[in-house]
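Per-entry structural report
Read off the chains here:
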Amino acid sequence: YSSVAPFFYFAAVRTAGVATVAIVQRLESVDLLVLSSLFLNTEISCWTLTNGLITVLGIVMSVVSPVFWGESLELNVGNLLALFGGLCNSSSLVICRRYLLGVPIGVVAIFGL
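Residues numbered from 1 in each chain as written. Predicted model: local features only at pLDDT ≥ 70, side-chain atom pairs only at ≥ 80, totals over all residues. Heavy atoms only, no water.

Here's the deal with the packing of aromatic side chains
As enumerated under the stated definition, the model contains 2 aromatic pairs in all. When the centroid spacing of 5.3 Å and the interplanar angle of 70° are considered together, the rings of Phe-7 and Phe-8 count as edge-to-face. Judged by its relative accessible area of 14%, Phe-8 is buried. Taken together, the aromatic side chains of Phe-7, Phe-8 and Phe-84 make up a single cluster linked through ring pairs. (Phe/Tyr/Trp six-rings, centres within 6.5 Å; stacked < 30°, edge-to-face > 60°. Buried < 20%, exposed > 50% of the residue type's maximum accessible area, 1.4 Å probe, protein only.)

Points about the environment of Phe-39
Within the element layout of this structure, Phe-39 appears in helix H3 (residues 28-39). Through-space distance from the C-alpha of Phe-39 to that of Val-67 is 37 Å; in sequence the pair is 28 residues apart. (Helix = DSSP H or I, 4+ residues; strand = E, 2+ residues; numbered from the N terminus.)

A short note on the packing of H3 against helix H5 (residues 77-99)
At a minimum axis separation of 9 Å, H3 and H5 run at an interaxial angle of 40°. One way to sum up the angle between H3 and H5 is to call them oblique. Note on packing geometry: the crossing formed by H3 with H5 is right-handed. Across the interface between the two elements, Glu-28, Asp-31, Leu-32, Leu-35, Ser-36 and Phe-39 from H3 touch Leu-83, Gly-86, Leu-87, Asn-89, Ser-90, Ser-91, Leu-93, Val-94 and Arg-98 from H5. Residue composition of the contact of H3 with H5, by class: 7 nonpolar, 5 polar and 3 charged. (Axes fitted to C-alpha atoms, helices over the stretch in contact; angles between N-to-C directions. Parallel < 35°, antiparallel > 145°, perpendicular 65-115°, else oblique. Left-handed = near helix turned anticlockwise from the far one by under 90°. Contact = heavy atoms within 4.5 Å. Nonpolar A, V, L, I, M, F, W, Y, C, P; charged D, E, K, R; others polar.)

By themselves, these figures tell us nothing about what the structure is for.
Pasting the structure below:
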């Protein structure tokens, strides 16, 4: 999945622009938090949950902030591509953590897992 993620990031930059993708890409940490709790049985502390919620709130405020300045809300395919790229990257990390613990790091690096 991590080999596919850059494709989605570059497509998102072409569609939505660097600034928007940089903001939306911050959701990758929240993706990783959710996926690790679902598939790795990682315990989420109150502090971690609070940080995740603050991150999501900040991203939502950044994306909808043009509305507060009288501009139109601009949600496009680039935002979805950036989200999907982050999800691919986070999925790759969870897969590596769960299934590839015994594989030497050199092999993981060569195949871009």
